[in-house]
Amino acid sequence: GAVVSQHPSWVICKSGTSVKIECRSLDFQATTMFWYRQFPKQSLMLMATSNEGSKATYEQGVEKDKFLINHASLTLSTLTVTSAHPEDSSFYICSASTGVNHEQYFGPGTRLTVT
Amino acid sequence: SQQGEEDPQALSIQEGENATMNCSYKTSINNLQWYRQNSGRGLVHLILIRSNEREKHSGRLRVTLDTSKKSSSLLITASRAADTASYFCATDLANQAGTALIFGKGTTLSVSS
């Protein structure tokens, strides 16, 4: 149990376009989902925290108008990278929590390449 | 900002040797977890140690936690080439269930046969 999926697993897009990444909890309800970004050879950095039915909380330095997060249901959160630039190329990983305990379940990640 | 700091940043050993990685953190925690990440892939959860635990074992893995020093170590015994990966410690905030994990910078382990 406790499986989190991400779609797509990789995507290539052109500068200026928008890309949507989905994060789904497949066998549990996730009251909270987290979005992380990982640049090559670096660690994961938290971008935002998303609670179902409410606005996401963004970390300092993360543009909320550029990285749109929607957590419309207890099993789905989406991250939309708007007006993508090459510097947005990164590995985006989501995780989901039931909020009941301190365990989080990570998705397999989405590799975004902006050309 | 990142809470965990691992050392060493990179470690190269021969198969059969033991690998030890250390992690330090800054604030009170509820749990500390270790993850493995193969190049370009997602995270694999290795082990979770709670703040009231001092040592935990799982197969060839041994994790220690010293809350007084705010540090943890991960020992991989009898390493294999397949253990080659990056290893990250991650902490959550005490008394706040459902909070994000804060990752350390990671240790890149290379095991040669």
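*Asks:* Can you walk me through the overall build of chain A in this structure?
*Replies:* Scanning chain A from terminus to terminus reveals zero helices and eleven strands. When the helices and strands of chain A are placed in sequence order, the string is β-β-β-β-β-β-β-β-β-β-β. Here the C-alpha atoms of chain A give a radius of gyration of 13 Å, agreeing with the 13 Å that 2.2 N^0.38 yields for 115 residues. Projected onto its principal axes, the C-alpha coordinates of chain A cover approximately 40 × 25 × 25 Å.

*Asks:* Looking at this model, I keep getting lost on the packing of aromatic side chains. Mind explaining?
*Replies:* Here the distance between the centres and the angle between the planes together describe a pair of aromatic rings. All chains considered together, the criterion is met by seven aromatic pairs over all chains. Ring plane angle 75° and centroid distance 5.3 Å describe the contact between Phe106 of chain A and Tyr35 of chain B, whose orientation is recorded as edge-to-face. Residue Phe106 of chain A is found in strand E10 (residues 105–106), and its partner Tyr35 of chain B is found in strand E4 (residues 29–37); the two belong to separate chains. One exposure class covers both Phe106 of chain A and Tyr35 of chain B, and it is buried. Ring geometry for Phe106 of chain A versus Phe103 of chain B: centroids 5.8 Å apart, planes at 75°, classification edge-to-face. A residue pair is termed interchain when its members come from two chains, as with Phe106 of chain A in strand E10 and Phe103 of chain B in strand E10 (residues 102–103). Here the two residues Phe106 of chain A and Phe103 of chain B agree in accessibility, since each one is buried. Aromatic ring contacts, followed pair by pair, group Tyr36 and Phe106 of chain A together with Tyr35 and Phe103 of chain B into a single cluster. Taking NZ or CZ as reference, Lys66 of chain A lies 5.8 Å from the ring centre of Phe67 of chain A, over its face.

*Asks:* How should the nonpolar core be read in this particular structure?
*Replies:* As a rule of thumb, nonpolar side chains are buried together in soluble globular proteins. Counting 24 residues, the largest nonpolar core has Trp35, Met47, Phe67, Leu79, Tyr92 and Leu112 of chain A as its most contacted members. Those elements that place two or more of their residues in this core are strand E2 (10–13), strand E3 (19–25), strand E4 (32–38), strand E5 (44–51), strand E7 (67–73), strand E8 (76–81), strand E9 (90–97) and strand E11 (110–114) of chain A. With 22 residues, the next largest nonpolar core counts Leu11, Ala19, Ile76 and Tyr87 of chain B among its residues.

*Asks:* Looking at this structure, I do not really get the layout of surface pockets. What am I missing?
*Replies:* Remark: the empty space left among the atoms is shown by a probe the size of a water molecule rolled over them. The computed volume of the largest pocket comes to approximately 470 Å³. Around the largest pocket sit 21 residues that line it, and Pro40, Lys41 and Gln42 of chain A together with Gln37 and Ser86 of chain B are the ones nearest its centre. When contributions to the lining of the largest pocket are tallied by element, the ones reaching two or more residues are strand E9 (85–93) and strand E11 (107–112) of chain B. Grouping the amino acids of the lining of the largest pocket by side-chain chemistry returns five nonpolar, twelve polar and four charged.

What counts as what
- Residues numbered from 1 in each chain as written.
- Chains lettered and ligands numbered in written order.
- Predicted model: local features only at pLDDT ≥ 70, side-chain atom pairs only at ≥ 80, totals over all residues.
- Heavy atoms only, no water.
- Helix = DSSP H or I, 4+ residues; strand = E, 2+ residues; numbered from the N terminus.
- Rg over C-alpha atoms; globule rule 2.2 N^0.38 Å.
- Phe/Tyr/Trp six-rings, centres within 6.5 Å; stacked < 30°, edge-to-face > 60°.
- Buried < 20%, exposed > 50% of the residue type's maximum accessible area, 1.4 Å probe, protein only.
- Lys NZ or Arg CZ within 6 Å of the ring centre and 35° of its normal.
- Core = buried A, V, L, I, M, F, W, Y, C linked by side-chain atoms within 4.5 Å.
- 1 Å grid on protein atoms, 1.4 Å probe; cavity = no way out; pocket = protein on both sides within 12 Å on 5 of 7 lines; lining within 4 Å.
- Points joined across faces, edges and corners; volume = space filled by probe spheres on them.
- Nonpolar A, V, L, I, M, F, W, Y, C, P; charged D, E, K, R; others polar.

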